[in-house]
Amino acid sequence: MPRITTLAEAVSAHIHDGDTVAMEGFTHLIPHAAGHEIIRQQRKNLTLIRMTPDLIYDQMIGMGCAKKVVFSWGGNPGVGSLYRFRDAVEKAWPAPLEIEEHSHAAMANAYEAGAAGLPLAVFRGYIGADLPKVNPNIKFIQCPFTGETLAAVPAHRPDVAVIHAQKADRQGNVLIDGIAGVQKEVVLASKRSIVTVEEIVDDLKPGSFNAVVLPAWTVTAIAEVPGGAYPSYAQGYYARDNAFYKKWDEIARERDTFLAWMKANVLDQGPEIFAAHTRPLRVAAE
Amino acid sequence: MADAYTSNEMMTIAAARAMRNEDVCFVGIGMPSAASNLARLTHAPDITLIYESGTIATKPDVLPLSIGDSELCETALTTVSVPEMFRYWLQGGRITVGFLGGAQIDKFANLNTTVIGPYDKPKVRLPGGGGAPEIATSCGEIFIIMAQGKRSFVDKLDFITSLGHGEGGDHRARLGLKTKGPTKLVTDLCIFQPDPVTREMIVTSIHPGVTREKIQENTGWPVRFADKVAETPTPTAKELETLRALHARTAAAHGKAA
């Protein structure tokens, strides 16, 4: 059974310097509060896996947590660049950053293979593309039945998965609703997992026989962090703050404005500030 | 007489017109999303729009800023996981049209969204491929929408993120692909389509008021024009109204950066 604990204790107990950590959430349910906690606890030399590094890894890279990023699309969605990510890749600030770059299809397949306990993922991909020339972890194999050439990448087997979800019950079963991304796969592919949730409830009430539920015995630690996905969103709880994603472009463009924002909003704060973001859906639009 | 319109609006409208009511379209964020939803709101009400976040047959009222806005999930017929999206729906061959943009394109409609300069010492690190490498090869055909300019329409790509017609001719077939690849490239100046034999993208329609010289000035390779070049029909009042209303709803919903 997962330990229901605080976010600070979960990070302290389960994420160590040098770990391979996958913090997932495909635009939806990105575990931003957990990212802030890792920054506060000054974890170093992490290998960070994520399909879309997004603001969460932009912040962690800029604060020096990352040694390597494994990813497939490193932009600010609909806005432009992730300037801290770019600064690390282009100018090695605050430290050199190793990258391992894939396509979305490869990353999704690699998580699924990890969850399935396989050593590799096989798919029809990267045909005519240059990524296989720069990423030695992309190889091609022949189908033993048809002879077709197919792409192969190693399965993702992170030390720790970190996700945010809507609910957990008191036994530690977790419910994910809406755009489910690769969260089920990343938890099942990882040795340990930390799940932050909007709320801990008596009854999960899944709403469908086929709801995405992670049974308690697949999860290592759970922390209740209302608003913990902000400025990403939690379906049914609060909307994505698209205006903040645009604002991040200004904040992160320069090193000093970035560091000032991180000090005021992360280093000098705790996970409780995220609760302020659990405003009703669509307030911004009305 | 339609109102005055911008070249950007002409581009989006011309791209929207390429979409058919029966298409199942894998939509990228930004201009592909605007064009696809304009098609849905005008001549193609039954078009199936799919975003890589897993939302199938989505009908957003405002354009999503990200590929996974809640609007997409709330208005979708169903939402599947991302591995399922890429494995069953894209790789499985269920998508008729993939709609892409890029930072750089060459005359065979290969796209670069990865890097300007050498990969190991980038001058500009771009976001990367995301879904594009497999969208480009798994969809029945590909539409591309991109504003023209010498920095983006280049003779040689710094990096091939996603395959167009490769080196031209039967290159795709030699790689084992049965899908058509880029069949339409819609820009702010004109429409390119592949030459049936060489697969070089050639101009088949020019937007009203645009000259051949202007197209050449904004293209980094010697542009070829089809024997018969059409003039792209002017945007209709309905197309313009629908597109502007969509953008206005979107701006109101996303808010201004404080």
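Everything numeric here is computed off the predicted structure, so don't read it as measured data.

A.B. asks: Got a sec to walk through the confidence of the model for chain A? Specific residues and values, please.
C.D. replies: Mean pLDDT for chain A: 95, with 97% of residues reaching 70 or above. Note on residues 282–286 of chain A: pLDDT is under 50 here. Beyond four places in sequence and across chains, it has seven contacts.

A.B. asks: Requested: an account of unusual backbone geometry, with residues and values cited.
C.D. replies: A cis amide bond links Trp-93 of chain A with the next residue in sequence, Pro-94 of chain A, at an omega value of 0°. Of note, Pro-94 of chain A is situated in the loop between α4 (83–91) and β7 (98–101). Residue Pro-231 of chain A follows Tyr-230 of chain A across a cis peptide bond; omega there is 10°. Among the secondary structure elements, Pro-231 of chain A is positioned in the loop between β15 (221–224) and α8 (242–253). Backbone geometry at Ala-92 of chain A places phi at a positive 55°, although glycine is not the residue there. With respect to the element layout, Ala-92 of chain A can be found in the loop between α4 and β7. Although it is not a glycine, Arg-199 of chain B adopts a positive phi angle of roughly 70°. As for its placement among the helices and strands, Arg-199 of chain B is situated in the loop between β12 (190–194) and β13 (201–206).

A.B. asks: Could you give an account of the interface of chain A and chain B, with specific residues and numbers?
C.D. replies: In this complex, chain A contributes 50 residues to the contact, which on the side of chain B involves 47 residues. Taken over both partners, the interface formed by chain A and chain B buries close to 4,200 Å², and the fraction arising from carbon and sulfur atoms is 58%. At the surface where chain A touches chain B, the tally comes to two salt bridges. As a salt-bridge pair, Glu-101 of chain A and Arg-125 of chain B come within 2.6 Å of each other at their nearest N and O atoms.

A.B. asks: Please provide a residue-by-residue account of the packing of aromatic side chains, values included.
C.D. replies: Residues and elements named next belong to chain A. Tallied over the entire structure, the rule returns 13 aromatic pairs over all chains. Taken together, a centroid distance of 5.1 Å and an interplanar angle of 80° make the contact between Phe-71 and Phe-85 edge-to-face. Of this pair, Phe-71 sits in strand β4 (residues 66–71) while Phe-85 sits in helix α4, and the two are 14 residues apart along the sequence. Both rings, one in Trp-248 and one in Trp-261, keep their centres 5.3 Å apart while their planes meet at 80°; by these two values the pair is edge-to-face. Taken together, the positions of Trp-248 in helix α8 and Trp-261 in helix α9 (residues 255–267) put the pair 13 residues apart, joining distant regions of the chain. On the basis of relative accessibility, which here comes to 17%, the residue Trp-261 falls in the buried class. Following the ring pairs from residue to residue traces out a cluster consisting of Tyr-230, Phe-244, Trp-248, Phe-258 and Trp-261. We note Arg-84 situated over the ring of Phe-258; from NZ or CZ to the ring centre the distance is 5.6 Å. Stacked on the ring of Tyr-245, the Lys or Arg Arg-240 has its end atom at 3.6 Å from the ring centre.

Cut-off values and rules
Residues numbered from 1 in each chain as written. Chains lettered and ligands numbered in written order. Predicted model: local features only at pLDDT ≥ 70, side-chain atom pairs only at ≥ 80, totals over all residues. Heavy atoms only, no water. pLDDT = per-residue confidence, 0-100. Contact = heavy atoms within 4.5 Å. Helix = DSSP H or I, 4+ residues; strand = E, 2+ residues; numbered from the N terminus. Buried area = accessible area lost by both parts, 1.4 Å probe. Salt bridge = Lys/Arg side-chain N within 4 Å of Asp/Glu carboxyl O. Phe/Tyr/Trp six-rings, centres within 6.5 Å; stacked < 30°, edge-to-face > 60°. Buried < 20%, exposed > 50% of the residue type's maximum accessible area, 1.4 Å probe, protein only. Lys NZ or Arg CZ within 6 Å of the ring centre and 35° of its normal.

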